[in-house]
Amino acid sequence: MGVEIIMKNVGVIGAGTMGRGVAEAFATKGYQVVLVDCSEKALDEAKVDIRNITRFKILRTKDVNALKPDEVLENIVFTQELGLLKNAEFLVENVCEKWEVKAEIYPQIDEICPKDTIFAANTSCISITKIASLTRREDKVIGIHFMNPVEYINSVEVIKGYKTSEDTQESVQKILESIGKEAIVINDYPGFVSNRISHLMMNEAAFIIQDGVARPEEVDDIMKKCYGHTMGPLETADLIGLDTVVDSLDVLYDSFKDSKFRCCPLLRKMVDAGLKGRKSGEGFYKY
Ligand code: NAD
């Protein structure tokens, strides 16, 4: 038996690459989830993806007690209305990695949600302290950097903002445990641990392609076969979404003003041309 669920209503904002995996992770454990996105298309695609995630997970784990795809979907309300988050006891925000978009959301949910609701920002690089400053509950704002794909990776990076309370951290660790995720807790600086390291590698891999040193397959093979990585940096960039990688590098560059984080022009050009990786069907590879 898993750990018992410790509250009922969970809000998830953003139904893109990450939000749909996060919604599934809670709904499959019996939480009632409200999944909000401003795009109807994203919500429709999320329904299809969540059904597939659940189906493949059951096949993979052979867990006879797991909720079936229809049961998981029954636990999720798909909506464009932020107002439906009014009963959320815990909320995970997964809108795109742009400060101006996140900056519009937090003051609104601060008004809508009960004053005790914990807000977890699933951001790649943006400072949790800066996000918390958009609310009047800075002690109840924390970072949870879920890993992609959410259903496969059971460890998450949890980031304490400057004012995140011990109570918030403890509650979040219990909530994560209830959905089978182990929290690795660290302090706040843009990019945290994972992306401050990984984005340097993905960016440099893109520079290697731009310089004509090797082809994507060769770059990824060297990191996999010679260094034992499970995925190469360019496959990883395609999985994350090249638009999100560019936005994250821009956040890192703006935050540290360090030229090591300047985004490779080839990456930006690919995004401008609509090559965003898996989500658009083409990035460094075709899907
Ligand atoms: P995405 O572009 O796939 O999805 C973002 C979603 O947010 C879209 O569906 C969009 O319609 C929605 N959105 C935008 N503005 C909104 C608004 N005002 N209200 C409601 N919905 C809105 O992005 P993603 O890859 O899912 O990333 C989401 C967040 O998670 C980002 O901050 C990203 O840095 C972070 N993250 C991404 C990954 C990854 O591998 N992609 C991993 C960990 C964390």
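In what follows, the structure referred to is the one given above.
Scoring rules and cut-offs
- The numbers attached to residues start from 1 for each chain and follow its sequence in the written order.
- Residue-level local features of this predicted model are given only where pLDDT is at least 70; pairs of side-chain atoms are given and counted only at 80 or more, and the full residue set underlies all totals for whole chains, interfaces and linings.
- The side-chain quantities take in all heavy atoms of the structure and omit both hydrogens and water.
- Helical segments are the DSSP runs of H or I of at least four residues, strand segments are the runs of E of at least two, and each set is numbered from the N terminus.
- We compute the radius of gyration over the C-alpha atoms and compare it with the globule rule, which gives 2.2 Å times the number of residues raised to the power 0.38.
- Remark: exposure states derive from per-residue accessible area (1.4 Å probe, protein chains only) relative to the maximum for the residue type, with buried under 20%, exposed over 50%, and partly exposed in between.
- When checking whether two residues touch, look at their non-hydrogen atoms; a contact exists if any pair is within 4.5 Å.
- Accessible surface is estimated by sampling points in the Shrake-Rupley manner with a 1.4 Å probe; for residues, cover comes only from the protein chains shown.
- How far a helix is expected to stretch is found by multiplying one less than its residue total by 1.5 Å.
- Two strands make a pair as long as DSSP finds a minimum of two bridges between them.
- With its strands directed away from the observer, a crossover is right-handed exactly when the path from the first strand over the helix to the second travels clockwise.
- As used here, the term nonpolar core means buried Ala, Val, Leu, Ile, Met, Phe, Trp, Tyr and Cys residues forming a set that is joined through side-chain atoms within 4.5 Å.
- Between N-to-C directions, angles cover 0 to 180 degrees, with each direction set by a line fitted to C-alpha atoms, over the stretch in contact for helices.
- Here roughly perpendicular refers to angles of 65 to 115 degrees, roughly parallel to angles under 35, roughly antiparallel to angles over 145, and oblique to all remaining angles.
- In this classification, Asp, Glu, Lys and Arg are treated as charged, Ala, Val, Leu, Ile, Met, Phe, Trp, Tyr, Cys and Pro as nonpolar, and every other residue, Gly included, as polar.
- Classification of ring pairs rests on two measures: the distance between centres of Phe, Tyr or Trp rings, Trp counted by its six-membered ring, which must be within 6.5 Å, and the angle between planes, read as stacked under 30 degrees, edge-to-face over 60 and tilted in between.
- Charge over a ring is defined by NZ of Lys or CZ of Arg lying within 6 Å of the ring centre and within 35 degrees of the ring normal.

Enquirer: Let's hear about the overall build of the chain: which residues, and what values?
Expert: On a plain count of helices and strands, the chain comes out with eleven helices and eight strands. Computed over the C-alpha atoms, the radius of gyration of the chain is 19 Å, within 12% of the 19 Å expected from 2.2 N^0.38 for a compact globule of 287 residues. Viewed in the frame of its principal axes, the chain has a C-alpha envelope of about 55 × 45 × 35 Å. Counting over 287 residues, the chain shows a buried share of 49%. In the chain, the share of contacts with a sequence separation of at least 24, taken over all contacts with a separation of at least 6, comes to 67%. On the chain, roughly 14,100 Å² of surface is accessible, and the fraction owed to carbon and sulfur atoms is 53%.

Enquirer: Describe helix α7 (residues 194–210), and please don't skip the residues or the numbers.
Expert: An ideal rise of 1.5 Å per residue puts 24 Å on 17 residues; α7 measures up with 24 Å between its terminal C-alpha atoms. Taken as a whole, α7 has its buried residues at Asn195, His199, Met202, Asn203, Ala205, Ala206, Phe207 and Ile209. Contacts made by the buried residues of α7 are with β6 (141–145), α8 (216–226), α9 (233–240), α10 (242–256) and α11 (265–272). Of the residues one or two after α7, glycine 212 is the one with positive phi, at around 70°.

Enquirer: An account of the pairing of strand β1 (residues 9–13) is requested, with residue identities and associated values reported.
Expert: Here is the key point about a regular strand: its side chains alternate between the two faces of the sheet. Counting buried positions along β1 yields four of five residues, so the element is predominantly enclosed. The pairing of β1 with strand β2 (residues 32–36) spans five bridges and is classified as parallel. Bridged to glycine 11 within β2 is valine 34. Between the parallel pair β1 and β2, the chain is carried across by helix α1 (residues 17–27), and the sense of this crossover is right-handed. Where β1 lies against strand β4 (residues 90–93), four bridges are found, and the strand directions are parallel. Bridging from a neighbouring strand, valine 10 pairs with phenylalanine 90 of β4.

Enquirer: If you had to explain the nonpolar core to someone new, which residues and values would you point to?
Expert: Membership of the largest hydrophobic core comes to 35 residues, with the highest contact counts inside it found for Phe26, Leu35, Phe90 and Phe146. For this core, the leading source of residues is α1, giving six residues. When neighbours within four sequence positions are excluded, phenylalanine 90 is seen to be in contact with Met7, Asn9, Val10, Gly11, Phe26, Thr117, Ile118, Ala120, Ile144, Val172 and Ile175.

Enquirer: Describe the packing of α7 against α11, listing the residues and the values that go with them.
Expert: Packing of α7 against α11 leaves a shortest axis separation of 8 Å and a crossing angle of 85°. One finds that α7 runs roughly perpendicular with respect to α11. In this structure, α7 uses Asn203, Ala206, Phe207, Ile209 and Gln210 to contact α11, whose residues at the interface are Pro265, Leu266 and Leu267. Across the contact of α7 with α11, the residue classes break down as six nonpolar, two polar and no charged.

Enquirer: Any chance you could break down the packing of aromatic side chains for me, citing the residues and the numbers?
Expert: The relation between two aromatic rings is expressed through the spacing of the ring centres and the mutual angle of the planes. Using the criterion set out here, one finds four aromatic pairs in the structure. Measuring from ring centre to ring centre gives 5.2 Å for phenylalanine 26 and tyrosine 31, while their planes differ by 80°; the resulting arrangement is edge-to-face. Grouping residues by exposure puts phenylalanine 26 and tyrosine 31 together as buried. Here the aromatic cluster, defined as three or more aromatic residues joined through ring pairs, consists of Phe26, Tyr31 and Phe90. Over the face of the ring belonging to phenylalanine 78 we find lysine 47, whose NZ or CZ atom lies 5.1 Å from the ring centre. Above the plane of the ring of tryptophan 99 lies lysine 130, whose end atom (NZ or CZ) is 4.3 Å from the centre.

Enquirer: So what's going on with helix α6 (residues 166–178)? Residues and values would help.
Expert: With 13 residues, α6 extends 19 Å from end C-alpha to end C-alpha; this agrees with the ideal 18 Å at 1.5 Å per step. For α6, the elements touching its buried residues are α1, β4, β5 (118–121), β6, β7 (155–160) and β8 (182–187). Positive phi appears at glycine 180, one or two residues downstream of α6, with a value of about 80°.

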